[in-house]
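# Coordinate inspection notes
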Amino acid sequence: MTQLLIFAGSARQHSFNRQLAHAAAAMARAKGAEVTVLELSTLDIPLYNADLEAQGTPPDVIRLKEILDAHPAWIICSPEYNGSYTGLLKNTIDWASSPVKGHPVWADGSKPFTGKVVGLLSASNGALGGLRSLSHLNPLLLNLHCWVCPQQYALSRASAAFDATGQLQVEAQQVGVQAVVEQVLWAGKRLGA
Ligand SMILES: Cc1cc2nc3c(=O)[nH]c(=O)nc-3n(C[C@H](O)[C@H](O)[C@H](O)COP(=O)(O)O)c2cc1C
């Protein structure tokens, strides 16, 4: 059974990307995956600062590394800010990839990332659905040696996309998200995730 981690790059209470994360999680569970939805807002992680890090890596950064490492496949739901991904997502990835000097497990900063199968989704109220954020997230993840799935989906007009139960209302949108979920699970199996 694939251990799949899903998280959104937004801490906003009514985040479209959080809703998308839960919709994708339901689809993956229906396909037999064991899914963890991680709320980044539950982690007490400051803005990255190497001086701060030199005083000791925050405990929740270690927790984040452990969660990422424990899941061989991920789906990231990325909001778009100014044509790119959010500061929250960048800060999270920067901390997670920063080596912990002298640590028996986390001295290698790439450990939580190398070999992960990653599916990308985005959601925005705009017509492009946050697609441009994914074009920036792609090379970042490849640089960290993730296997980024070619199937990606950007959910446009997100404020009207979900019904009261959090389901996507339009079939074409369901199909778009489902295709990403299925490819992540397929690639995860093929790569032994
Ligand atoms: C600083 C800032 C820049 C934004 N830039 C874009 C943008 O380039 N493209 C876009 O589609 N939406 C943009 N938005 C709108 C976000 O997509 C919108 O706030 C969305 O709800 C964020 O995702 P969330 O609902 O998951 O929090 C921007 C929002 C902010 C605060």
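In what follows, the structure referred to is the one given above.
Let me begin by describing the structure that accompanies this report. These figures come from a predicted structure and were not determined experimentally. Every residue gets a number counted from 1 within its own chain, in the order that chain's sequence is written. Reporting of local features is limited, given that this is a predicted model, to residues whose pLDDT is at least 70; pairs of side-chain atoms are given and counted only at 80 or more, and all residues count toward the totals for whole chains, interfaces and linings. To obtain the side-chain values, all non-hydrogen atoms of the structure were included, while hydrogens and water were left out.

### With respect to the overall build of the chain
- Working definition: helices are DSSP H or I runs of at least four residues, strands are E runs of at least two. Numbering for both runs from the N terminus. In terms of helices and strands, the chain carries six helices and five strands.
- Each helix and strand of the chain, ordered N terminal to C terminal, gives the series β-α-β-α-α-β-α-β-α-β-α.
- Viewed in the frame of its principal axes, the chain has a C-alpha envelope of about 50 × 35 × 30 Å.
- Throughout this description, buried means an accessible area under 20% of the type-specific maximum (1.4 Å probe, protein chains only), exposed means over 50%, and partly exposed covers the range between. When the 193 residues of the chain are sorted by exposure, 50% land in the buried category.
- Contacts spanning at least 24 positions in sequence make up 74% of the contacts within the chain whose residues lie at least 6 apart.
- Every accessible area reported is derived by Shrake-Rupley at a probe size of 1.4 Å, with residue values counting cover from the shown protein chains alone. Summing over all exposed atoms, the chain offers an accessible surface of approximately 9,200 Å²; the carbon and sulfur share of this is 53%.
- Positive charges are assigned to Lys and Arg, negative charges to Asp and Glu, while His and the chain termini are left out of the count. Every charge is mapped onto a representative atom, which is NZ of Lys, CZ of Arg, CG of Asp or CD of Glu. Computed over 14 positive and 14 negative side-chain charges, the inter-centroid distance for the chain is 5 Å. For this analysis, residues touch if any pair of their heavy atoms sits within 4.5 Å.

### So, the pattern of salt bridges
- Whenever a carboxyl oxygen of Asp or Glu lies within 4 Å of a side-chain nitrogen of Lys or Arg, that contact is scored as a salt bridge. Evaluation of the coordinates by the stated rule reveals six salt bridges.
- When the shortest N-O distance is used, the salt bridge between glutamate 182 and lysine 31 registers 3.4 Å. With glutamate 182 in helix 6 (residues 171–190) and lysine 31 in the loop between helix 1 (16–30) and strand 2 (34–38), this pair connects stretches of sequence that are 151 residues apart.
- Two residues, aspartate 60 and arginine 63, come together in a salt bridge whose shortest N-O distance is 3.8 Å. With aspartate 60 and arginine 63 both in helix 3 (residues 59–70), this residue pair falls three residues apart, about one helical turn.

### Here's the deal with the environment of tryptophan 147
- By secondary structure assignment, the location of tryptophan 147 is in strand 5 (residues 147–155).
- Of the residues examined, tryptophan 147 reaches a relative accessible area of 53% and is grouped as exposed.
- Here the alpha-carbon distance between tryptophan 147 and serine 124, two residues 23 residues apart in the chain, equals 24 Å.
- Residues within four places of tryptophan 147 in sequence aside, it is in contact with Gly115, Lys116, Val117, Val118 and Leu191.

### Some remarks on the sheet that holds strand 3 (residues 73–78)
- Pairing in this open sheet of five strands is parallel, and the strands run 2-1-3-4-5 from one edge to the other. With partners counted over all chains shown, the strands left at the sheet margins are strand 2 and strand 5, one partner each. Averaged over all neighbouring strand pairs, the angle between strand axes comes to 20°, with direction disregarded.
- One bridge is not enough; two strands pair if DSSP finds at least two bridges between them. In this structure, strand 1 (residues 3–8) lies alongside strand 2, joined through five bridges in parallel fashion. Of the residues in strand 2, the one forming a bridge with leucine 5 is threonine 36.
- The strands touched by helix 5 (residues 131–143) within the sheet are strand 3, strand 4 (117–123) and strand 5, with strand 4 carrying the most contacts at an inclination of about 160°. Here the axes come from fitting lines to C-alpha atoms, over the contacting stretch only for helices, and the angles between their N-to-C directions go from 0 to 180 degrees.

### Things to note about the pairing of strand 5
- By the bridge criterion, six bridges tie strand 4 to strand 5 in an arrangement that is parallel. Counterpart to leucine 120 in the pairing with strand 5 is glutamine 152.
- For crossovers, right-handed means that the path from the first strand over the helix to the second runs clockwise, given strands pointing away from the viewer. Handedness of the β-α-β unit built from strand 4, helix 5 and strand 5 comes out right-handed.

By themselves, these observations are geometric and do not establish any function.
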